[in-house]
Amino acid sequence: MTPQSPDLDLSRRLLLGGGAGAALGALAPGLLHAADAQPAGRQGPLPRRADVVVVGAGISGLVAAERLARRGVDVLCVEARDRVGGRVLNHHLEAGGTIEAGGAFIGPTQGRIAALAQRMGVRTFLQHNEGNSVYISSTTGRQEYTGTVPPDPTILPDAGVLLTRIDSMAAEIDVSAPWSHPSAREWDAMSLGEFIRRNAVNASGVGNLIKSWTQPGFGADPDELSLLFVLWYVAASGDETHVGTFSRNSDTAGGAQERRFVGGSQLVPIRLARRLGDVVALRAPVRRIEQRGPHALVQTRRGTVRARRVVVAVPPPLVLDIDWDPQLPTDRRQLLRHMDMGQLMKCDAVYETPFWREDGLNGFGINDSGAARAVFDNSPPSGTPGVLLAFVGGSTWREQGPRRRRERREAVLRGFADMFGERALRPIEYTESDWTKERWTRGGPTALHAPGTMVDFGPSIRRPFGRVHWAGTETSTYWSGYMDGAVRAGERAAVEVGDRL
Ligand SMILES: Cc1cc2nc3c(=O)[nH]c(=O)nc-3n(C[C@H](O)[C@H](O)[C@H](O)COP(=O)(O)OP(=O)(O)OC[C@H]3O[C@@H](n4cnc5c(N)ncnc54)[C@H](O)[C@@H]3O)c2cc1C
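Source: prediction; values computed, not measured.

What counts, and where the lines are drawn
Residues numbered from 1 in each chain as written. Predicted model: local features only at pLDDT ≥ 70, side-chain atom pairs only at ≥ 80, totals over all residues. Heavy atoms only, no water. Helix = DSSP H or I, 4+ residues; strand = E, 2+ residues; numbered from the N terminus. Rg over C-alpha atoms; globule rule 2.2 N^0.38 Å. Buried < 20%, exposed > 50% of the residue type's maximum accessible area, 1.4 Å probe, protein only. Contact = heavy atoms within 4.5 Å. Areas by Shrake-Rupley, 256 points an atom, 1.4 Å probe, with all protein chains shown as cover. Salt bridge = Lys/Arg side-chain N within 4 Å of Asp/Glu carboxyl O. Phe/Tyr/Trp six-rings, centres within 6.5 Å; stacked < 30°, edge-to-face > 60°. Lys NZ or Arg CZ within 6 Å of the ring centre and 35° of its normal. Near = heavy atom within 4 Å. Polar contact = N/O pair within 3.5 Å; in protein donor to acceptor, adjacent residues only side chain to side chain. Nonpolar A, V, L, I, M, F, W, Y, C, P; charged D, E, K, R; others polar.

Undergrad: Please clarify how the overall build of the protein chain should be interpreted in this entry.
TA: Along the protein chain, the regular secondary structure elements total 18 helices and 19 strands. Expected size for 501 residues packed as a compact globule is a radius of gyration near 23 Å; at 22 Å, the protein chain falls within 12% of this value. Its C-alpha atoms put the protein chain at 70 × 50 × 45 Å along the principal axes. For the protein chain, the proportion of its 501 residues judged to be buried stands at 61%. Across the protein chain, the fraction of contacts at a sequence separation of at least 24, relative to all contacts at a separation of at least 6, is 74%. Of the roughly 18,700 Å² of accessible surface on the protein chain, a fraction of 51% belongs to carbon and sulfur atoms.

Shown next, in the form of structure tokens:
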């Protein structure tokens, strides 16, 4: 171990529950409080050495750093942005209340993020789900319905068959090695779109419906996704004791969209970073990682730190922006080149009240065309103001993303009005977050495997490279792509590194 700085000692005391750490634990959950403002992190020059440097202060990097600090390891977490949380970012509405620009929902079997949030004193609330959902089809028009799949007679039989098949194929997949399945190469060579075309009578109808799952869930269309990757994603929508299923991934009640966090999901990384204190250094993008003998040199904009081990917890495409010496192993480089981020933005319209609830609607809607293809009630837990959220992803992002904000706003509001009536055209506030434009994320919600990339390149996903270990949600075996996967990956990387010091 390297000598401890007095700052680190202080951070440790906080972690172990004394001083400000205990005060933090006593905060009323979810209340906006000075302690919930963005932490300033470590000021002044960075230390010249640390046992471990963690790159990235998203949920995964912060969890890895905290786990290591709890073991008594001298750890520094360096973050490119001037804030923590990465893909998790709160947005405070002018009308009052907080919504999320990025990751928001959690659900059953996402036990790791739930436990972390509880430890940070961040409560959850049930996503509003009372009343009917709305389905708009270019062929059958507008319908209200309950349950998972809209009762469209032109689509229902295909949807039933396809979803059952997806679940049964996913049930055969080993979440830690999807490439080892006997049919892995065949499934990986095919896109989800092709699988739909081969197995459905009304392939364009059901394919269009499935887009309203893949566009928000992956930021992509079925033709862009390897079938093996999608099956693995479904398999990963569970935990060690619950097999992953399509409905646990896609549903609100009993699924991944069941709950949100009171005060916004970013409270979780903010409070965690506050506990870590000087362990976290903001505005310190890592430019180069050099491995020499028993050390790695991590070069950041705020100086170079010598470490015995490094945990890299940044989105896969951003790993390639770092200058590596020696260069990354060929299989890792190829894996990363094949894992681009999805294309996704969130568009929220704010109203005095959630007026759709008065009409017996739960605020969830699916449309097979237009700008608002997957819509959720995104109101704060009090129900005031009312907020409608459209996920604009994949080909819908490609249509809408490049448009002027005013035109896109109009198209999104039109989509809300088609579902919930003309009042939706007159919001008191409108906000949008395009993750493809984020320098330190480049898209969302996760990195994807296009057809033909998972079997050949996937196996190196968690393989350490010398003194460098990999975290980040994409390296998780369960709930990869989600906040829960980010926690799991951080915990796993901390054990891996801690055992090698
Ligand atoms: C629009 C959207 C909606 C989503 N919805 C949900 C949801 O409802 N539920 C859910 O569970 N998940 C959701 N997700 C996904 C979830 O947010 C992510 O899976 C999770 O937050 C990823 O955490 P992470 O720590 O692995 O990565 P990140 O959050 O991406 O953190 C990586 C960090 O590394 C930093 N970084 C990058 N490069 C460098 C560098 N060179 N040097 C230093 N730092 C660097 C970044 O700034 C960032 O802070 C959503 C994501 C998006 C974008």
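Undergrad: I keep staring at the pattern of salt bridges and nothing clicks. Help me out?
TA: Think of it this way: side chains of opposite charge can pair up when their charged atoms draw near. Under the criterion given, the structure shown has 36 salt bridges. Notably, a salt bridge pairs Asp321 with Arg442, separated by 2.4 Å at the nearest N-O pair. Here Asp321, found in the loop between helix H12 (316-319) and strand E13 (323-325), pairs with Arg442, found in the loop between strand E18 (429-434) and helix H17 (454-457); they are 121 residues apart in sequence, far enough to count as distant. For the salt bridge of Arg423 with Glu358, the shortest nitrogen-to-oxygen distance reads 3.7 Å. One end of the pair, Arg423, is in the loop between helix H16 (405-420) and E18; the other, Glu358, is in helix H14 (residues 355-358), and 65 residues separate them in sequence.

Undergrad: What am I meant to see in the packing of aromatic side chains here?
TA: A complete count under the given rule lists 18 aromatic pairs for this structure. Seen from their ring centres, Trp356 and Phe420 are 6.1 Å apart, and the 45° between their planes marks the pair as tilted. Of this pair, Trp356 sits in helix H14 while Phe420 is found in helix H16, placing the two residues 64 residues apart along the sequence. In this pair, the class of Trp356 matches that of Phe420, namely buried. A network of ring pairs unites the aromatic residues Trp213, Phe218, Phe229, Trp232, Tyr233, Phe246, Trp479 and Tyr482 as a single cluster. Seen from the ring of Trp470, Arg332 lies directly overhead, with NZ or CZ sitting 3.9 Å from the centre. The ring of Trp440 carries Arg439 above its face, with NZ or CZ at 3.9 Å from the centroid.

Undergrad: In this structure, what is going on with the site of the ligand? I would like to understand it.
TA: Near the ligand you find 33 residues, and of these Glu79, Arg87, Phe105, Thr473 and Met483 are the closest. One nitrogen or oxygen atom from the main chain of Ile59 is found 3.2 Å from an oxygen atom belonging to the ligand. One of the backbone N or O atoms of Val286 is found 2.9 Å from a nitrogen atom in the ligand. Every element with two or more residues in the shell around the ligand is listed here: helix H3 (59-70) and helix H18 (483-498). Of the residues in the shell around the ligand, the class split is 20 nonpolar, 10 polar and three charged.

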